[in-house]
Amino acid sequence: MKLRSATWFGGKDRDGFIHRSWMKNQGHPDHLFDGRPVIGICNTWSELTPCNGHFRELADHVKRGVYEAGGFPLEVPVMSLGETLMRPTTMLFRNLVSMDVEETIRANPIDGVILLAGCDKTTPALLMGAASCNLPSLMISGGPMLNGKFRGEDIGSGTAVWRFSEAVRSGAMDMCDFLDAESCQSRSAGHCMTMGTASTMASVVEALGIGLTTNAAIPAVDARRARLAHLAGSRIVEMVREDLRMSKILTRAAFENAIRVVGAIGGSTNAVIHLLAIAARIGVDLSLDDWDRCGRAVPCLVNLMPSGKYLMEDFYYAGGLPAVMRELGGLINGDALTVNGKTVGENVANAPCYNRDVIKPINDPLKTDSGLAVLRGNLCPDGAILKPSAATPSLMQHRGRAVVFETIEDFHARVDDPDLDVDESSILVLKNCGPRGYPGMPEVGNMALPKKLLQKGVTDMVRISDARMSGTAYGTVVLHVAPEAAVGGNLALVQSGDEIELDVATRRLHLDVSDAELDRRRANWSPARPPADRGYYRLYHDHVLQADRGADLDFLVGASGTEVARESH
Ligand code: FES
């Protein structure tokens, strides 16, 4: 089989000279250009992405494996997305990174791809970009941090921040303790070690079969993570020889497995938007309704924060995702192929579980019915989602008076105002935080509760927005309302005092305002100006799809393959 890279390195002419000669300035000897598979290692290492800060070492382990199997590894930097630093939100740049990855792969002499991802958006961005090329590809997740340890207590990244900051606001924690907790939470390399978005997406990688078995949970600093990277390096060379492309693995069955796994692990709501986007790149017809349908009967088996009490390190020692997928039994499509050439069923058939308090048996789950609820109604004709396992059961059926915030700045300015007309039965509504409105759909949907209610001991309220929520957050939070306020969805028309009805059991979210009144309000509504006149912000604003379609850019949906383009000289 003639490989793509041979088009660059195989010629004995002027162009072949150019392609080989400049590469040799890095010390590569002649035999590496003899037609062996060239493996691109897309590396999202960055000192501004602390979760991926150890990726250079991880890439070295991949290279060892590639060389061992007779391949030629070449490490490629791609844009990185650090969740904790980037403004206005990493989600704005997920699609940009996917373009970087896609065009980097296609434009270069690459036959197979290793994708190194960790922090939240790096995983979907790399999968989306690679899917639009469809070469043999294998993802390695960077692994979670070790458990946070604070004064004898295990604390989870993100989840502890939300809890501690509310405690400071209510007066239950002093500032000294709050600042001390910073160093205790993040004490090793790796990504968030709660079942937040990074851990959820690492689990999705394994569930999809696009990562090796055990990929999800091995801590970043555990030597077994480096061993996995080495094995992945060897395996991708074989995948090139087998022509095992992404489209043979990312099938509908694989996406259904991933949806069910997200339910079983109590995973992040962000997985919804990312899986919709990845599926649309690889040509699998996945919809929001598939999330509700596939996830409905799935129990939550994994006792991890924010839904439970343990952390990713505990999850790995308990058996990790293979134990969960084995426990799911018939709920999983066992015939789905994975990157190691075996089916999911073969991979997990004998997976052991070492701790039944961390990974529950299916007949005694942590929570029953853990799938994500997809809501419909006049407030979200194209859908909205809610994570029942993170919600308060008594609020799952609720009718309340809207307290509306037009923007996140409006929210911050007024939420703690003692005169704010709000009580615990109110429903907080936040607008203009969707894909186009913010722009980039930030994780602000789990709005902090008004201080005066916190001080009364209120711990949860129904909250509705077109935003996303951090995977480490919790509460009765309706997210991803589509169409969003900024494109004129009915969310834009809600006014304080309107009655809203939420009924998760019947998947209903209803704004109790007549159509005639909504028409009257719509006549007075006009869209905001684009956030910029030029550049990527403008491109994003003009082309981003709504949340129910994965918030990809409309012109990026689908794939363009990896045909070798015309010569550059
Ligand atoms: Fe990077 Fe949480 S901030 S994974």
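Here, the structure is the one placed above.
Procedures and definitions
- Residues numbered from 1 in each chain as written.
- Predicted model: local features only at pLDDT ≥ 70, side-chain atom pairs only at ≥ 80, totals over all residues.
- Heavy atoms only, no water.
- Phe/Tyr/Trp six-rings, centres within 6.5 Å; stacked < 30°, edge-to-face > 60°.
- Helix = DSSP H or I, 4+ residues; strand = E, 2+ residues; numbered from the N terminus.
- Buried < 20%, exposed > 50% of the residue type's maximum accessible area, 1.4 Å probe, protein only.
- Lys NZ or Arg CZ within 6 Å of the ring centre and 35° of its normal.
- Core = buried A, V, L, I, M, F, W, Y, C linked by side-chain atoms within 4.5 Å.
- Contact = heavy atoms within 4.5 Å.
- Pairing = 2+ DSSP bridges.
- Polar contact = N/O pair within 3.5 Å; in protein donor to acceptor, adjacent residues only side chain to side chain.

Draft legend 1. Broad picture of the packing of aromatic side chains. The full count for this structure, using the stated rule, is seven aromatic pairs. Residues phenylalanine 33 and phenylalanine 72 carry aromatic rings whose centres are separated by 5.5 Å and whose planes lie at 85° to one another, so their mutual orientation is edge-to-face. Taken together, the positions of phenylalanine 33 in the loop between helix H2 (14-24) and strand S1 (38-43) and phenylalanine 72 in strand S2 (residues 72-77) put the pair 39 residues apart, joining distant regions of the chain. For phenylalanine 33, a relative accessible area of 9% corresponds to the buried category. Ring centres of tyrosine 316 and tyrosine 317 lie 6.1 Å apart, and the angle between their planes is 50°; this geometry places the pair in the tilted category. Aromatic rings pair up to connect Phe9, Phe33 and Phe72 into one cluster. We note arginine 56 situated over the ring of tryptophan 45; from NZ or CZ to the ring centre the distance is 3.9 Å.

Draft legend 2. Main features of the nonpolar core. Counting 118 residues, the largest nonpolar core has Ile114, Leu126, Phe255, Trp291 and Phe315 as its most contacted members. Counting residues per element, this core draws most heavily on helix H12 (residues 270-282), at nine residues. Beyond its immediate stretch of four places on either side in the chain, isoleucine 114 contacts Ile39, Gly40, Ile41, Cys42, Val62, Leu138, Ile140, Ala232, Gly233 and Ile236. Residues Cys380, Ala384, Val404 and Leu502 belong to the second largest nonpolar core, which totals 29 residues.

Draft legend 3. Here's a closer look at the pairing of strand S11 (residues 462-465). Side chains Val462 and Ile464 of S11 all project onto a buried face; the interleaved residues Arg463 and Ser465 project onto the opposite face, where all are buried too. Sheet analysis places strand S10 (residues 427-430) next to S11, joined by four bridges and oriented parallel. Looking at the pairing, isoleucine 427 lines up with valine 462 of S11. Of the pairings in the sheet, the one linking S11 to strand S12 (residues 477-478) comprises two bridges and is parallel in character. Residue pairing across strands places isoleucine 464 opposite valine 478, the latter belonging to S12.

Draft legend 4. Quick look at the sheet that holds strand S13 (residues 499-503). Read from one edge to the other, the open sheet built from six strands follows the order S12-S11-S10-S9-S13-S14, with strand pairing classed as mixed. Pairing within the sheet leaves two strands with one partner each, and these edge strands are S12 and strand S14 (508-511). The sheet contact formed by strand S9 (residues 397-405) and S10 spans four bridges and is parallel. When the sheet's bridge partners are listed, alanine 402 is paired in S10 with isoleucine 427.

Draft legend 5. Molecular detail of the side chain of asparagine 52. Its location among the elements puts asparagine 52 in the loop between S1 and helix H3 (55-68). Using a relative accessible area of 0% as the deciding quantity, one classes asparagine 52 as buried. Only 2.9 Å separates the side chain of asparagine 52 from the side chain of threonine 44, close enough to count as a polar contact. When residues no more than four places from it in sequence are discounted, the contact partners of asparagine 52 are Thr44, Trp45, Ser46, Ser80, Gly118, Cys119 and Thr122.

Draft legend 6. Inspection of unusual backbone geometry at higher detail. With an omega of 10°, the peptide bond between methionine 305 and proline 306 qualifies as cis. If you trace the backbone, proline 306 turns up in the loop between helix H13 (288-295) and helix H14 (312-318). In the segment running from alanine 482 into proline 483, the intervening peptide bond is cis, with an omega of -5°. Within the secondary structure layout, proline 483 lies in the loop between S12 and S13.

Interpretation note: all reported values are geometric properties and have no functional meaning in isolation.
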